[in-house]
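# A structural walkthrough
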Amino acid sequence: EVQLVESGGGLVQAGGSLKLSCAASGFPFDDYAIAWFRQAPGKDREGVSFINGRDATTGYADSVKGRFTMSRENAKKTAYLEMNALKPEDTAIYYCAADASGLGLLDRLYDYWGQGTQVTVSS
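Here's what I pulled together on the structure shown here. Chains are numbered independently. Their residues run from 1 in the order of the written sequence. Reporting in this predicted model follows two pLDDT cut-offs: at least 70 for local features of residues, and 80 or more for side-chain atom pairs to be given and counted; totals over whole chains, interfaces and linings ignore these cut-offs and use all residues. Processing note: side-chain calculations cover all non-hydrogen atoms of the structure and skip hydrogens and water entirely.

### As for the nonpolar core
Membership of the largest hydrophobic core comes to 28 residues, with the highest contact counts inside it found for Ile34, Trp36, Phe68, Leu81, Met83 and Tyr94. Secondary structure elements follow DSSP: runs of H or I no shorter than four residues count as helices, runs of E no shorter than two count as strands, and numbering proceeds from the N terminus. Of all elements in the fold, only strand 3 (18-25), strand 4 (33-39), strand 5 (46-51), strand 7 (68-73), strand 8 (78-83), strand 9 (92-99) and strand 11 (117-122) reach the threshold of two or more residues within this core. The nonpolar core is taken to be a set of buried Ala, Val, Leu, Ile, Met, Phe, Trp, Tyr and Cys residues, with the residues joined through side-chain atoms within 4.5 Å. Here's how the labels work: a residue is buried when its accessible area is under 20% of the maximum for its type, exposed when over 50%, partly exposed in between, all with a 1.4 Å probe on protein chains only. Membership of the second largest hydrophobic core comes to 6 residues, among which are Ala33, Ala35, Phe37 and Ala97.

Structure representation (structure tokens):
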């Protein structure tokens, strides 16, 4: 059974930090890219960040570069998104997803999705 389970969301003041986790099972985690997407009410889903498999190369949306950092611990089958200097416009449901291709941050590439975790940033 394939599962991706997000955790770590919550309410934080602007300028604060949160660290999200994505725990995976049921597929060869080491060979998959893991990405974070987010969706705010009334807006399209957008890619936030990805991290590739064994080489752990990363990519970020322009809106979060310099503020968010992805990492992964393959032994724990877990990926992380550290978010700093949070802004109200970061408020959204954050989803993690897994992709075998390692080609980038395009949602149609991703095979498996979690249920999401809410991040709310107050001003």
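### Focus on the sheet that holds strand 8
With respect to topology, 4 strands assemble into an open sheet ordered 1-3-8-7, the strand pairing being antiparallel. Edge positions in the open sheet fall to strand 1 (3-7) and strand 7, since each of these has one partner strand only. For this sheet, the mean angle separating the axes of adjacent strands, direction not counted, is 15°. As defined by bridge partners, strand 7 adjoins strand 8 across 6 bridges and the pair is classed as antiparallel. Residue pairing in the sheet places Met70 in a bridge with Leu81 of strand 8. Pairing between strands requires that DSSP locate at least two bridges from one strand to the other. To obtain an axis, a line is fitted to C-alpha atoms, over the contacting stretch when the element is a helix, and the angle between two such axes runs from 0 to 180 degrees between their N-to-C directions.

### Re the environment of Asp62
With respect to the element layout, Asp62 can be found in the loop between strand 6 (58-60) and strand 7. The exposed category is assigned to Asp62, whose relative accessible area is 65%. Expressed as a C-alpha distance, the spacing of Asp62 and Ala24, which sit 38 residues apart in the sequence, is 27 Å. Nitrogen and oxygen atoms within 3.5 Å of one another constitute a polar contact, given that in protein one can donate a hydrogen and the other can accept it, and given that sequence-neighbouring residues count only through two side-chain atoms. A polar atom in the side chain of Asp62 sits 3.1 Å from the side chain of Lys65.

### Concerning the pattern of salt bridges
Here, a salt bridge means any Lys or Arg side-chain nitrogen found within 4 Å of an Asp or Glu carboxyl oxygen. All chains considered together, the criterion is met by 6 salt bridges. With a shortest N-O distance of 2.7 Å, Arg38 and Glu46 are connected by a salt bridge. Arg38 gets classed as buried once you look at its relative accessible area, which sits at 6%. As a salt-bridge pair, Lys65 and Asp62 come within 3.1 Å of each other at their nearest N and O atoms. Here the salt bridges do not stand alone but share partners, grouping Arg38, Glu46, Arg67 and Asp90 into one network.

### Quick look at the pairing of strand 9
The buried fraction of strand 9 amounts to 7 of the 8 residues, a majority that puts the element mostly inside the structure. Pairing between strand 9 and strand 10 (residues 112-113): 2 bridges, direction antiparallel. Pairing of Ala98 across the sheet is with Tyr112, part of strand 10.

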